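Listed below, chain by chain, are the residues.
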Amino acid sequence: MQALDIRNVNKKFPSFELKDVSFQLEKGYIMGFIGVNGAGKTTTIKSILNMTHIDSGEIHILGKSMAEHELELKQEIGFAFGSIDFYTRSKIKTLTDTIKKFYQNWDDQIYSNYMRRFKLDENKKIADLSTGMKVKYSLALALSHGAKLLILDEPTSGLDPASRDDLLDLFQELIAEGEVSILFSTHITSDLEKCADFITFIANGQIVLSGEKEEFKEAYLLVNGSKSQLEQVKDQMISYKTNSFGFTGLIQANDFDPSSGIKAATPSLEDILIYYTKKGENIHG
Amino acid sequence: MVNLIRKDIRLGVHPLFLIMPLLTGALMFIPGWIYFIVILYFCWITIPNMFNQLRSQNDLMFTSMMPVTKRDIVKARIFVIAGLELAHVVVALVFGLISQRLYPDLTYVFFPPNLGFFGLCLAMLAIFNLVFIPMYYKTAYKFGMALLASTVAATLFAGITQWVGIAHSGMNRIFYGTEANSVALQAFILIAGIVIFLAITALAYRIAVKRFLQVEIQ
């Protein structure tokens, strides 16, 4: 079953547009949603949560239409917005007591287990939590109401490397039983190298590619060679940087001719993100 | 809905504003004061503080992620506002009636705190709600202009009715009179005030919902 099925979503703002956004997340997997700042990640997430009115398109969660079953589905969605805080002056205890009333399947036992595991003190105020702790608290809330789909907007931004690693291990553990699926947006691509199964890449409001992580990377090649070699492939390149030795750039794997003698390697996600963002402009380094 | 009201009271509204009706209500014991001000303090103090808190704590985003309808989000908030308004009026009314017994020989320049006066207070709050609530729900987070317009409207209503109450002899008899038929008329004005308050607030709710359904949650 698809945990998340987004088809042909369009939304026009005065200065920005989501164009024909489609991607699917299979139940029990982690999907990394990457793109630079302003690419449309948060807008897409807000569209999924029905916080933005989409102009056209369909959003299905766990097999049901979000437009028709919003309340029922929100019972099954957990969320964490890494960059936004709510009621920071309130104690965790007060916030939890208020939030839990909204959820039919709330389980106090699960909640206290996670609170213990994450070493979260209920008497602390939200403002006193570190960024990582806040994300963990959001996860504890989501898991205590039995969320099947976790939508996390930049949960790892602002975390130190150890906390990031810890959180990524936790994500993998959560999906291990196959019930929970995670969509998480980030611009820190190394996080996805570690834990994502699928990657969806958005640039300028359009999905560039969505697919299994390794296939995603294999769809592109990072090529480098001399300036004379650049002339052979210049027109096929997504973008490239030149320097005194020659050039380095990104090309679609099926546009590349292996007999050209140009060195090619599988790019990292970061390479793909950077070169795609620079599409249409040449960089002289 | 009940959960949303509980959320506002536990997280959104500072406890001070829950006891505010008692604090401002105590001002009813100032002999012969302009008692409209007692009720207007709600518009001047409670509303801006409450909405500032809601905005700074990202309440709109927080609430939108809960499994609740947009309609209920508006309805619950209006219940909280109207509930606080009624608390202010009820406390002021009780204290006002005591105040009248405390100073039986006082000559009131401004409206005496009788039932008729509180009918006017409810009409004033109805005007406040009708301007504030629909204007606020155009964005559901900007409240400055809505607050300015609604407080000006409510204050104007208070000023004009007070002026008419002093200057117009018929109106003066109705609102200042202490004989039996004046008191009966004043009780009737209070009932009319309650009806107006409920009807106008319900209208404000309907307009607000229509507008809020169009809002993009920021």
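Look up: the structure comes first, before these words.
Residues numbered from 1 in each chain as written. Chains lettered and ligands numbered in written order. Predicted model: local features only at pLDDT ≥ 70, side-chain atom pairs only at ≥ 80, totals over all residues. Heavy atoms only, no water.

> Residue-level account of the interface of chain A and chain B, with values.
Between chain A and chain B, the contact holds 27 residues from the first and 27 residues from the second. For the pair chain A and chain B, the summed buried surface comes to about 2,600 Å²; carbon and sulfur atoms form 66% of the total. Broken down residue by residue, the surface that chain A buries against chain B is led by Met51, Tyr87 and Phe102 of chain A, which jointly contribute 32%. Where chain A meets chain B, there are one salt bridge. Of the charged contacts, one joins Lys11 of chain A and Glu216 of chain B as a salt bridge, the two residues approaching to 2.6 Å between their closest N and O atoms. Applying the counting rule to chain A against chain B returns twelve residue pairs in polar contact (both at pLDDT 80 or more). (Contact = heavy atoms within 4.5 Å. Buried area = accessible area lost by both parts, 1.4 Å probe. Salt bridge = Lys/Arg side-chain N within 4 Å of Asp/Glu carboxyl O. Polar contact = N/O pair within 3.5 Å; in protein donor to acceptor, adjacent residues only side chain to side chain.)

> Give me the packing of helix H3 (residues 36-56) of chain B against helix H7 (residues 144-167) of chain B: which residues, what numbers.
Residues and elements named next belong to chain B. Viewed as axis vectors pointing N to C, H3 and H7 meet at an angle of 175 degrees, and their least axial separation amounts to 11 Å. Here H3 is positioned roughly antiparallel relative to H7, judged by the angle of their axes. Touching Phe36, Leu40, Cys43, Trp44, Ile47 and Pro48 of H3 are Leu147, Thr151, Ala154, Thr155, Ala158, Thr161 and Gln162, all from H7. Grouping the amino acids of the contact of H3 with H7 by side-chain chemistry returns nine nonpolar, four polar and no charged. (Axes fitted to C-alpha atoms, helices over the stretch in contact; angles between N-to-C directions. Helix = DSSP H or I, 4+ residues; strand = E, 2+ residues; numbered from the N terminus. Parallel < 35°, antiparallel > 145°, perpendicular 65-115°, else oblique. Nonpolar A, V, L, I, M, F, W, Y, C, P; charged D, E, K, R; others polar.)

> Tell me about empty space enclosed by the protein, residues and numbers included.
If you roll a probe as big as a water molecule over the atoms, it shows you where there is empty space left. Summed over the entire model, instances satisfying the criterion amount to two cavities of 30 Å³ or more. If you add up the space inside the largest cavity, you get close to 320 Å³. Lining the largest cavity are 22 residues, with Phe86, Lys134, Tyr137, Ser138 and Leu141 of chain A positioned closest to its centre. Listed by contribution, the elements that provide at least two residues to the lining of the largest cavity are strand S6 (77-81), helix H3 (92-100) and helix H5 (131-144) of chain A. When residues of the lining of the largest cavity are assigned to their parent elements, the largest contribution, seven residues, is made by H5 of chain A. For the lining of the largest cavity, the residue count by class is 15 nonpolar, five polar and two charged. Residue lining of the second largest cavity: Leu4, Lys7, Asp8, Thr63, Ile73, Ala76 and Arg77 of chain B, and that is the complete set. (1 Å grid on protein atoms, 1.4 Å probe; cavity = no way out; pocket = protein on both sides within 12 Å on 5 of 7 lines; lining within 4 Å. Points joined across faces, edges and corners; volume = space filled by probe spheres on them.)

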